[in-house]
Protein chains: 2
Amino acid sequence: MASSMSAERPTLEDVAAYAGVSRSTASRALNEESYVSPRAREAVLAAARDLGYSPNQAARSLVTKRTGAVALILSEPESKVLNDPYFLMVMREAFRALADGGAQMLVMFVDNRDDIPRTTRFLEGGHVDGALVFAPHAGDPLPTALKLLRVPVVFGGRPGTASRGLYTVDYDNVGGAHLAATHLIQRHRRNIVTVCGPQDHPAAQDRLLGWQKALAEHGMPIDDRAESGDFTQTGGEAAMTRLLERHPDLDAVFAASDPMAAGVLQALRAHGLRVPDDVAVVGFDDNPSIVHTLKPPLTSVHQEPAAQVRHMITILQCLIAGDAPTPKRQVLPVSLAIRDST
Amino acid sequence: MASSMSAERPTLEDVAAYAGVSRSTASRALNEESYVSPRAREAVLAAARDLGYSPNQAARSLVTKRTGAVALILSEPESKVLNDPYFLMVMREAFRALADGGAQMLVMFVDNRDDIPRTTRFLEGGHVDGALVFAPHAGDPLPTALKLLRVPVVFGGRPGTASRGLYTVDYDNVGGAHLAATHLIQRHRRNIVTVCGPQDHPAAQDRLLGWQKALAEHGMPIDDRAESGDFTQTGGEAAMTRLLERHPDLDAVFAASDPMAAGVLQALRAHGLRVPDDVAVVGFDDNPSIVHTLKPPLTSVHQEPAAQVRHMITILQCLIAGDAPTPKRQVLPVSLAIRDST
DNA sequence: ACTCGTTCTGGGAGCGCTCCCAGAACATGC
DNA sequence: GCATGTTCTGGGAGCGCTCCCAGAACGAGT
């Protein structure tokens, strides 16, 4: 009763037989190598089309030692990631860029320390050719753990722990904050405060630093003028309220993220202050789904997640190919998108 | 110069040799099969530990015809997904549930029709054992395309097109909307409107239907009392403004999503109406990052994305194992989380 | 002693592919 | 004619694993 099922997937051998050539020639034709006669190539491609052939990845990667897959690792506690459209943009861009290069994207979340052994074991297991990692938290032990592996890894943003020697693609957070603060100064604001991010975040540290630098360059006071939010809207609102108590006469705010800027606007409205007439506000991220829905539309430091991800993938592909690109740390420029809030 | 590199990954043969048994016995010991003496099993496990052995997945799946990977396919245009924390919750839950079962999660986005061939080709290619698909849009051609494949597929939510014969795990949208409207009626509201979702969305259709049913059961008017938002906050605000013009004396609103409910609250505030004193508001989704930040906290129809995803995975695993679970269409119950907005 | 039955073991085959290498086919030079 | 390429082809080997099957080892019953 062993009648041959038509449901069997055709193999390379089937394609070769159908095309009247050998397995080797079929393989060469499909992999677009040289040393294949046009006649043979045509025949093989036609056969593959007719039979609906698609190569068995398992067999291929068994010999090439390549899986054609890349892991995207997001290391942030659940609550944070859920509210952050940034990660979704990153995921989409990564998927798209990888798919265009014929690679698959394997997503992994790391919620807590317990997930780390599983993650490293997985990466060591040879399931993927490399990994893109976002671990924005300073205390995160993941980067250190991954450093020991032989798997190529590229980090998005500056990881807080032991970033030395790692491949990273970061934004110019210092420069962006500097840009924002300078813009406020040019708008003749003289009483500038900041709602900064949590200082266990390298990105938040850099943004605070840039703000401080710009103000110091113009001889303006920085002490006691920074309040930390937690990168969320409610956190931004609370921080702004505290700042207003301390500096009732402030005339400009640099918020280290767009959601916090939204909170800032709320707090200002609650205090009866007009934007930008009484107080100018700048955000950071230039998140399209936030800046345009706010009233007034928010001036914000613009960064390009797509560019970051594509950069990371380029570097990773070099590493996978065996090259060691320099420099290890790349910093992408940011710009300022000026709107009605300043 | 062919000195053996210590960087070489150990194979099963190495483990067997180290343990002093054969390849077959080593395989049996590691795969926890019977017919292995305790002595041999111990030796093999110790050897695997000592050598840091992890099996080559490619080689394994070449013979087992299983990849141990499942695709998660999200079919929604970019703009929608970015604002929707629902998808991120789904992704995390799916990752976690699959990882616990030893399976990998491969994420794919389908933005437009052009992505469909790539997606089907990929699924046909045998890269994954099955797929979880979210395609909430009614016109989406993806479900029909996937129907023709031999790969097990389970849908989240009722796909608009040709849902007959597909495996689906949906929420009781009709029941949830009915629950919400009935609750408003019990709160002695007599002038109830709804901000419904886009009617090319099966879920939105169901929610409108449930609202209509509840009102009809109590002999209340439904004509001219539904305005469509696009599931976003701004859409909800606009729809509410239109409803207020038409029914200035309305005293309750059922919004078919939480973001739209947020817009409803904004519009009501702009019209100087108090919630819940003048107007009661119910949302849908019970999105934790929305309902608690609104003022007042929002009464909303509660659903459990985690339960949905786990259900989908259970069914998918059955299908992969070769079973055909019945019924094909599962509907999960929803409840009402009552807060201060009603 | 011998047959059974059960538990355990090792080797062979083979999954579908890529790589290597020997050699065929063809053109080009003297 | 023969030596010398260059282009093209097919078969063999082998990647690391699982499965099958023959047979060893061991006990228990006659």
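An unreviewed UniProt entry lists chain A under the name LacI family transcriptional regulator, with Solihabitans fulvus as the source organism.

Caption draft 1: Representation of the interface of chain A and chain B in the model. Taken together, the contact pairs 46 residues of chain A with 46 residues of chain B. At the boundary of chain A with chain B, total buried surface from both sides reaches about 3900 Å², with 57% on carbon and sulfur atoms. At the surface where chain A touches chain B, the tally comes to ten salt bridges. B:E237 is the salt-bridge partner of A:K295, the closest N and O atoms lying 4.0 Å from each other. Here chain A and chain B share six residue pairs in polar contact (both at pLDDT 80 or more) between them. Taken together, the elements giving at least two residues each to the side of chain A that touches chain B come down to α4 (57-64), α5 (78-82), α6 (85-100), β2 (104-110), α7 (115-124) and α11 (233-246) of chain A. Taken together, the residues of the side of chain A that touches chain B break down into 20 nonpolar, twelve polar and 14 charged.

Caption draft 2: Representation of the packing of helix α9 (residues 173-186) of chain A against helix α10 (residues 202-217) of chain A within the structure. All names here are of chain A. Close contact between α9 and α10 brings their axes to 7 Å; oriented N to C, the two are set at 40°. In terms of axis orientation, α9 runs oblique to α10. Regarding α9 and α10, the two cross each other, and that crossing is right-handed. Residue-level contacts link N173, V174, A177, H178, A181, T182 and I185 of α9 to A203, D206, R207, L209, G210, W211, K213, A214, L215 and E217 of α10.

Caption draft 3: Geometry of the side chain of B:S257. Along the chain, B:S257 falls in the loop between β8 (252-255) and α12 (258-270). B:S257 gets classed as buried once you look at its relative accessible area, which sits at 3%.

Caption draft 4: The arrangement of the nonpolar core in detail. In this structure, A:L123 and B:L123 are the most contacted members of the largest nonpolar core, which totals 137 residues. Beyond its immediate chain neighbours, meaning those up to four positions away, A:L123 contacts A:A71, A:I73, A:V128, A:A131, A:L146, A:L149 and A:V151.

Caption draft 5: Spotlight on the protein's contact with DNA strand C. Within the structure, DNA strand C sits among 28 residues, and A:L12, A:R23, A:Y53, B:S24 and B:S37 are positioned closest to it. One of the side-chain nitrogen or oxygen atoms of A:S27 is found 2.8 Å away from a phosphate oxygen of DNA strand C. Contacts to DNA strand C include B:Y35, whose side-chain N or O atom sits 3.2 Å from a phosphate oxygen. Among the secondary structure elements, those contributing two or more residues to the surface near DNA strand C are α2 (23-30) and α4 of chain A together with α2 (23-30) and α4 (57-64) of chain B. Of the residues forming the surface near DNA strand C, the biggest block, five residues, is contributed by α4(A). Along the lines of polarity and charge, the residues of the surface near DNA strand C split into twelve nonpolar, ten polar and six charged.

Caption draft 6: Spatial organisation of the protein's contact with DNA strand D. The full set close to DNA strand D counts 28 residues, and A:S24, A:S37, B:L12, B:R23 and B:Y53 are the nearest of them. Atoms of DNA strand D within 4 Å of the protein: sugar and phosphate make up 62%, bases the balance. Taking B:N56, its main chain carries an N or O atom lying 3.2 Å from a phosphate oxygen of DNA strand D. Between DNA strand D and B:R60 there is a distance of 2.8 Å, counted from a phosphate oxygen to a side-chain nitrogen or oxygen. Those elements that place two or more of their residues in the surface near DNA strand D are α2 and α4 of chain A together with α2 and α4 of chain B. Per element, the largest residue contribution to the surface near DNA strand D is five residues, and it comes from α4(B). The class makeup of the residues in the surface near DNA strand D is twelve nonpolar, ten polar and six charged.

Caption draft 7: Representation of the packing of α6(A) against helix α14 (residues 305-321) of chain A in the model. Residue and element names in this part refer to chain A. One can describe the packing of α6 onto α14 by two numbers: an axis separation of 9 Å at closest approach and a directional angle of 45°. Classified by the angle their axes make, α6 and α14 are oblique. Both α6 and α14 take part in a crossing whose hand is right-handed. Here Y86, M89, V90, E93, A94, A97 and L98 of α6 lie close against α14, whose contacting residues are P305, A306, Q308, V309, R310 and I313. For the contact of α6 with α14, the residue count by class is ten nonpolar, one polar and two charged.

Caption draft 8: Summary view of α7(A). All names here are of chain A. Among the residues making up α7, those that are buried are D115, I116, T119, T120, F122 and L123. In an axial view of α7, the angular spread of the buried residues amounts to 160°, which keeps them on one side of the axis. Looking one or two residues beyond α7, the residue adopting positive phi is G126, at roughly 75°.

Caption draft 9: Highlighting α2(B). Residue and element names in this part refer to chain B. Taken as a whole, α2 has its buried residues at T25, A26 and A29. Projected onto a plane normal to the axis of α2, the buried residues spread over an arc of 100° and lie on a single side. Downstream of α2 by one or two residues, E32 has phi in the positive range, about 55°.

Caption draft 10: Highlighting unusual backbone geometry. Going from A:K295 to A:P296, the amide bond is cis rather than trans, its omega being -5°. The omega torsion across B:V275 and B:P276 is 5°, close enough to zero to call that bond cis. Mapped onto the fold, B:P276 is located in the loop between α12 and β9 (280-285). You will see that B:D285, though not glycine, has its phi angle at about 125°, which is positive.

Caption draft 11: Summary view of the domain arrangement of chain A. Residues and elements named next belong to chain A. Structurally, chain A comprises domain 1 (12-55), domain 2 (69-170 + 306-332) and domain 3 (173-302). Taken together, the eleven residues of domain 2 in the interface contact nine residues of domain 3. With both chains or domains summed, domain 2 and domain 3 bury close to 800 Å², and 50% of this area falls on carbon and sulfur atoms. Applying the counting criterion to the domain 2 and domain 3 interface returns one salt bridge. With a shortest N-O distance of 2.8 Å, R158 and D206 are connected by a salt bridge. Taken together, the connections running from domain 2 to domain 3 amount to two residue pairs in polar contact (both at pLDDT 80 or more).

Caption draft 12: Here's a closer look at the side chain of B:D286. Residue and element names in this part refer to chain B. Turning to its location among the elements, D286 is positioned in the loop between β9 and α13 (288-291). We classify D286 as buried; its relative accessible area is 9%. Setting aside residues no more than four positions away along its own chain, D286 makes contact with D258, V291, S300, V301, H302, A337 and R339.

Conventions adopted
Residues numbered from 1 in each chain as written. Chains lettered and ligands numbered in written order. Predicted model: local features only at pLDDT ≥ 70, side-chain atom pairs only at ≥ 80, totals over all residues. Heavy atoms only, no water. Contact = heavy atoms within 4.5 Å. Buried area = accessible area lost by both parts, 1.4 Å probe. Salt bridge = Lys/Arg side-chain N within 4 Å of Asp/Glu carboxyl O. Polar contact = N/O pair within 3.5 Å; in protein donor to acceptor, adjacent residues only side chain to side chain. Helix = DSSP H or I, 4+ residues; strand = E, 2+ residues; numbered from the N terminus. Nonpolar A, V, L, I, M, F, W, Y, C, P; charged D, E, K, R; others polar. Axes fitted to C-alpha atoms, helices over the stretch in contact; angles between N-to-C directions. Parallel < 35°, antiparallel > 145°, perpendicular 65-115°, else oblique. Left-handed = near helix turned anticlockwise from the far one by under 90°. Buried < 20%, exposed > 50% of the residue type's maximum accessible area, 1.4 Å probe, protein only. Core = buried A, V, L, I, M, F, W, Y, C linked by side-chain atoms within 4.5 Å. Near = heavy atom within 4 Å. Arc of directions from axis to C-beta. Domains from an automatic or database assignment.

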